[in-house]
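Letter by letter, the chains look like this.
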Number of protein chains: 2
Amino acid sequence: MTNITIQDIANEAGVSKATVSRVLNNSQAVDPITRNRIQTIIEKRHFVPSATARNLSKRTSDTIGFVVPEIDNPFFGDILRGVIEIIDANNLTLICCNTDDNMDKDLKALEMLKEQRVRGLLYTPAIDYSTEEEKKRLGKILKEMQTPVVLMDRRISLADVGGVYFDDYHGMYNATKALIEHGHTKIAIINASLDRVLARDRRDGYMAALKDAGIEPDPRYNLEGNYRMTQAYELSKKLLAMEDRPTAVITCNNRTSLGFYKALRERGEKTPRDIALIGLDRIEELDVMGYEMNYIERDAKELGKRAIEMLINRMAFPGKAVRDVILDTHVKIYKI
Amino acid sequence: MTNITIQDIANEAGVSKATVSRVLNNSQAVDPITRNRIQTIIEKRHFVPSATARNLSKRTSDTIGFVVPEIDNPFFGDILRGVIEIIDANNLTLICCNTDDNMDKDLKALEMLKEQRVRGLLYTPAIDYSTEEEKKRLGKILKEMQTPVVLMDRRISLADVGGVYFDDYHGMYNATKALIEHGHTKIAIINASLDRVLARDRRDGYMAALKDAGIEPDPRYNLEGNYRMTQAYELSKKLLAMEDRPTAVITCNNRTSLGFYKALRERGEKTPRDIALIGLDRIEELDVMGYEMNYIERDAKELGKRAIEMLINRMAFPGKAVRDVILDTHVKIYKI
DNA sequence: GTAACCCATGTAACCGGTTTCAATAAACAT
DNA sequence: ATGTTTATTGAAACCGGTTACATGGGTTAC
């Protein structure tokens, strides 16, 4: 009933388990005849060695942790897809965690992954931490994991932690610029919390474009949300109801775009007739349907690939200096 | 540099590692004073015991395998989300695999999960196996895993394997019926491969509705695909170009719906003006945008929850008879 | 013929936990 | 005071692999 072990194979082959282990790992010369005999038995018995025992013995594992805030968001789904492709190609194993953008769940997930002794960590931190203390705690836990960490999409400044990010600064800059070139001056941005570097980058790109065009930014157009559709919807509702409302809007992820659209639609309005929109991230379904949403394109699958590649590299060369990867973005305009 | 172990804690506390283990597991009475001392040290040192060692010693694990064909498809993303919620609540660990609907990758993933000695398996088999031999091989591997298996969404008849499925028969029946009631008689179905039970169920539901209405089915309207957008697109293109083409179409998943729309749009046509459509599965983005696609609703997240719940139950009561769960579907019609 | 070497394999310790069993001391009963 | 029970803890084996080191037979060199 119980699982067959290396000892069972050794017994049946009349050798010691060391020899079987050598066959399994191709680690030392084994007499071809013996090797053959052992391999035959292994196949006949469908013996698969226990990764648990191997990991314990080797004091390592081939397991990678993957922690993101919203696994059912296509953005992270695409990232995950990219990650898994490389994972498969390298015979690694992926443990997935979802945090709902809730730092408590982040910490719980990291704890669990430490317990699992993962070899590396791919991580998009929750948006909701704020205090310096929480940040410190996070940094400490990451350090304690004794394992390379690669951040995805969202940056936190921590020593020794690499990351793959999008160039949201220029994404926002170019999107804003495109709107300005089409005559817009009252441009709103539905951003995430400015506590976070990424959101500040986006705001900076947006501000820089305004400044370069000599447009005075209106603080009322500078919205802070949390990446969720519901909140973007609420913010948009207010925004659209303003008497001096903007003529163009930029969002900060796919959910925010949808939230904006929902609010807009409720008013019986639409883009670009009543207001212009440039969304952050393509929404595949809309594109296929021929629904022409302008967007800042970011290749999430590519980000996933680059992140896991960086992680594997860091696993291979632990000492090597960390260098972030910044991925380009492209502004795709149908009609403003 | 290396990880701190139970022995380190024991040394520092001046006790044996057995006692530390007892504290960790609350498994036996330990003098409150000793317990306190040990716990303090554990916290001070941020000791997290190795799951690997524990698993080896206990000859079990808290790890669940999750194998699906297309992790970046929102349908599976939703399932995954449901699964993870329950996983978290039960302090389990989830290993994710993607198969691209390719049975070779299925087998490779299952092998890997066996190696990891997972406690249970959530599995949506690839669509592309066909021969009896392959099916046998799959059954054998699943049996060899010595672990409960719960199938998700796609059924294969194997002894001792439970599953959670949607009632696609009635979904299709009701969708077809709705179309008929709106006057359609030439109704096409873009299905998956009829090698599979699920696709046959759907065809049966569709056929039954036609029969109940006294409509002779047209074999040319009975399309077989592979769940992918590209193929649905090709099939739809041909279908729409037929001279005696159907007046209504039913698809078999979200990708198929999009493929159909793409083909339709290329012809400058749209629903429901030129042809009626009922898609299988809601497409959230379209719904939010107010794009009124009729659909057969299936709650994928709920399926995920039910599947992992069933799995946990089977882990707890290994002997218990297997009983499948069939989830209802609802036809949502905007305009036909 | 013997020393030096190589090849194939076995022995045993080890990884970091859990668990059974035994030991000791304190508490209790008589 | 002595025997019995109970509470707390330690010693040691075990889980299923890996690996450093030892062993022994067969070659080769001289």
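Our subject is the structure that appears above.
The paragraphs below set out a description of the structure included in this document. (Residues numbered from 1 in each chain as written. Chains lettered and ligands numbered in written order. Predicted model: local features only at pLDDT ≥ 70, side-chain atom pairs only at ≥ 80, totals over all residues. Heavy atoms only, no water.)

## Observations concerning the relation of the copies chain B and chain A
Condition: Superposition of the copies used a least-squares fit over C-alpha atoms from residues whose pLDDT is at least 70 in both. What makes two residues a contact is simply this: any of their non-hydrogen atoms within 4.5 Å.
For the pair chain B and chain A, the relating rotation is 180°, the translation along its axis is 0.0 Å, and the fit reaches an RMSD of 0.1 Å. Here the copies are linked by what is in effect a two-fold axis. It is I95 of chain B whose C-alpha, among those of chain B, lies nearest the rotation axis, at 2.2 Å. In this assembly the copies share their binding face: 100% of the residues contributing to the interface of chain B also contribute to that of chain A.

## A short note on the packing of helix α2 (residues 17-25) of chain A against helix α3 (residues 32-44) of chain A
Residues and elements named next belong to chain A. The line we're drawing: The convention used is that axes are lines fitted to C-alpha atoms, helices contributing only their stretch in contact, and that angles between N-to-C directions extend from 0 to 180 degrees. The secondary structure listing takes helices from DSSP runs of H or I that are at least 4 residues long and strands from runs of E that are at least 2 residues long, numbered from the N terminus. Roughly parallel covers angles under 35 degrees, roughly antiparallel covers those over 145, roughly perpendicular covers 65 to 115, and oblique covers all other angles. For this classification, Asp, Glu, Lys and Arg are treated as charged, while Ala, Val, Leu, Ile, Met, Phe, Trp, Tyr, Cys and Pro are nonpolar and the rest, including Gly, are polar.
Across the interface, α2 lies against α3 with an axial gap of 10 Å and an inter-helix angle of 85°. Judged by the inter-axis angle, α2 sits roughly perpendicular to α3. Across the interface between the two elements, T19, V20, V23 and L24 of α2 pack against T34, R35, I38, Q39 and I42 of α3. Residue composition of the contact of α2 with α3, grouped by class: five nonpolar, three polar and one charged.

## So, the protein's contact with DNA strand D
For the record, the criterion: Being near a molecule or strand, for a residue, means having at least one of its heavy atoms within 4 Å of it. Polar contact is the term for a pair of N or O atoms within 3.5 Å; when the atoms are in protein, one must be able to donate a hydrogen and the other to accept it, and sequence-neighboring residues count only if both atoms are side-chain atoms.
As a structural note, the neighbourhood of DNA strand D is formed by 30 residues, with I6, K17, S21 and S57 of chain A together with T34 of chain B the closest of them. Taken together, the sugar and phosphate atoms account for 62% of what DNA strand D places within 4 Å of the protein. Within the side chain of T19 of chain B, one N or O atom sits 2.8 Å away from a phosphate oxygen of DNA strand D. Counting only elements with at least two residues in the surface near DNA strand D, the list comes to α2 and α4 (51-58) of chain A together with α2 (17-25) and α4 (51-58) of chain B. In terms of residue class, the surface near DNA strand D is made up of eleven nonpolar, eleven polar and eight charged.

## Re the interface of chain B and chain A
Applied cut-off: Accessible-area loss on putting two parts together, using a 1.4 Å probe and summing over both, is the definition of buried area adopted here. Salt bridge, as used here: a side-chain nitrogen of Lys or Arg that lies within 4 Å of a carboxyl oxygen of Asp or Glu.
Opposite the 57 residues of chain B that make contact, chain A presents 59 residues. Across the chain B/chain A interface, buried area totals approximately 5400 Å², and carbon plus sulfur atoms make up 56% of it. Our count for the chain B to chain A interface comes out at six salt bridges. Its salt-bridge partner being E115 of chain B, residue R54 of chain A comes within 2.4 Å of it at the nearest N-O pair. Summed over the shared surface of chain B and chain A, the number is 22 residue pairs in polar contact (both at pLDDT 80 or more). Taken together, the elements giving at least two residues each to the side of chain B that touches chain A come down to α4, α5 (74-89), β2 (93-98), α6 (103-115), α7 (132-144), α11 (254-266) and α12 (284-288) of chain B.

## Quick look at the sheet that holds strand β6 (residues 187-191) of chain A
All names here are of chain A. So the rule is basically this: DSSP-based pairing: two strands are paired if at least 2 bridges between them are found.
Pairing is mixed in the open sheet, where six strands are placed in the order β7-β6-β8-β9-β10-β12. Each of the sheet's edge strands pairs with one partner strand only, and the pair in question is β7 (222-224) and β12 (330-332). Recorded for the sheet is a direction-independent mean angle of 15° between the axes of neighbouring strands. Sheet topology note: the strand β8 (residues 248-250)/strand β9 (residues 276-280) ladder contains three bridges and is parallel. Looking at β9, one finds that V249 is bridged to L277. Sheet strands in contact with helix α9 (residues 197-212) are β6, β7 and β9, and its direction is about 170° off that of β6. In the packing of helix α10 (residues 229-241) onto the sheet, the strands contacted are β6, β7 and β8, and the crossing angle to β7 comes to about 150°.

## Things to note about unusual backbone geometry
Residues other than glycine predominantly adopt negative phi, and peptide bonds predominantly adopt the trans conformation. Residues and elements named next belong to chain A. Look at the link from T271 to P272: it is a cis peptide, with omega at -10°. Tracing the chain through its elements places P272 in the loop between α11 (254-266) and β9. We note that N26 has phi near 55°; this positive angle belongs to a residue other than glycine. Note on placement: N26 falls in the loop between α2 and α3.

## As for helix α5 (residues 74-89) of chain A
Residues and elements named next belong to chain A. The line we're drawing: Expected helix span is given by 1.5 Å per residue-to-residue step, counting one fewer step than there are residues. Burial here depends on accessible area, computed with a 1.4 Å probe over protein chains only, as a share of the maximum for the residue type. Under 20% is buried, over 50% is exposed, and the range in between is partly exposed.
Between the first and last C-alpha of α5 there are 23 Å, a value that for 16 residues agrees with the 22 Å anticipated at 1.5 Å per step. Of the residues making up α5, those classed as buried are F75, F76, G77, I79, L80, R81, G82, V83, I84, I86 and I87. The residue sitting at the N-terminus of α5 and contributing the capping side-chain oxygen is N73; that oxygen lies 2.9 Å from the backbone nitrogen of F75. Where α5 ends, the next residue or the one after it, N91, has phi of about 55°, a positive value.

## What to know about the sheet that holds strand β9 (residues 276-280) of chain B
Residues and elements named next belong to chain B. Within the open sheet, the six strands sit side by side as β7-β6-β8-β9-β10-β12. Their pairing is mixed. Unpaired on one side and paired on the other, β7 (222-224) and β12 (330-332) mark the two borders of the sheet. Across the sheet, the mean angle from the axis of one strand to that of its neighbour is 15°, orientation sign disregarded. Of the pairings in the sheet, the one linking strand β6 (residues 187-191) to β7 comprises three bridges and is parallel in character. From the neighbouring strand, N191 faces β7, where its bridge partner is E224. Docked against the sheet, helix α9 (residues 197-212) engages β6, β7 and β9, running at close to 170° with respect to β6.

## Remarks on the protein's contact with DNA strand C
If you check the shell around DNA strand C, you find 31 residues, and the closest are T34 of chain A together with I6, K17, S21 and S57 of chain B. By atom count, sugar and phosphate contribute 61% of the portion of DNA strand C lying within 4 Å of the protein. A distance of 2.8 Å separates a phosphate oxygen of DNA strand C from a polar backbone atom of D31 of chain A. Within the backbone of I6 of chain B, one N or O atom sits 2.5 Å away from a phosphate oxygen of DNA strand C.

## What to know about the nonpolar core
As a reminder of what qualifies: Note on terminology: a nonpolar core comprises buried Ala, Val, Leu, Ile, Met, Phe, Trp, Tyr and Cys residues joined through side-chain atoms within 4.5 Å.
Grouped together as the largest cluster of nonpolar side chains are 78 residues, with contacts concentrated most on I187, V249 and F260 of chain A together with I187, V249 and F260 of chain B. Excluding residues within four positions of it along the chain, I187 of chain B makes contact with T176, L179, I180, Y206, L210, Y221, P246, A248 and I250 of chain B. Judged by nonpolar contacts, the second largest core, of 58 residues, contains F75, L80, V164 and L311 of chain B.

## Things to note about the packing of aromatic side chains
Both the distance between ring centres and the angle between the ring planes are used here to describe each pair of aromatic rings. Short version of the rule: What counts as a ring pair is set by centres within 6.5 Å for rings of Phe, Tyr and Trp (its six-membered ring), and what kind of pair is set by the plane angle: stacked under 30 degrees, edge-to-face over 60, tilted for all other angles. Charge over a ring is defined by NZ of Lys or CZ of Arg lying within 6 Å of the ring centre and within 35 degrees of the ring normal.
Inspection of every chain in the model, using the stated rule, returns eight aromatic pairs over all chains. Judged by centre distance (5.8 Å) and plane angle (80°), the rings of Y261 of chain A and Y291 of chain A are edge-to-face. With Y261 of chain A in helix α11 and Y291 of chain A in the loop between α12 (284-288) and β10 (294-297), this residue pair connects regions lying 30 residues apart in the sequence. Classification of Y261 of chain A by relative accessible area gives buried; the value is 4%. Taking the relative accessible area as the measure of exposure, Y291 of chain A reaches 25% and is therefore partly exposed. Among the aromatic residues, those joined into a ring-pair cluster are F75, F76 and F166 of chain A. Here R155 of chain B stacks its cationic end above the ring of Y165 of chain B, 4.2 Å away from the centre of that ring. Cation over ring: K262 of chain B sits above Y233 of chain B, and NZ or CZ is 4.5 Å from the ring centre.

Keep in mind these numbers describe shape, not what the thing actually does.
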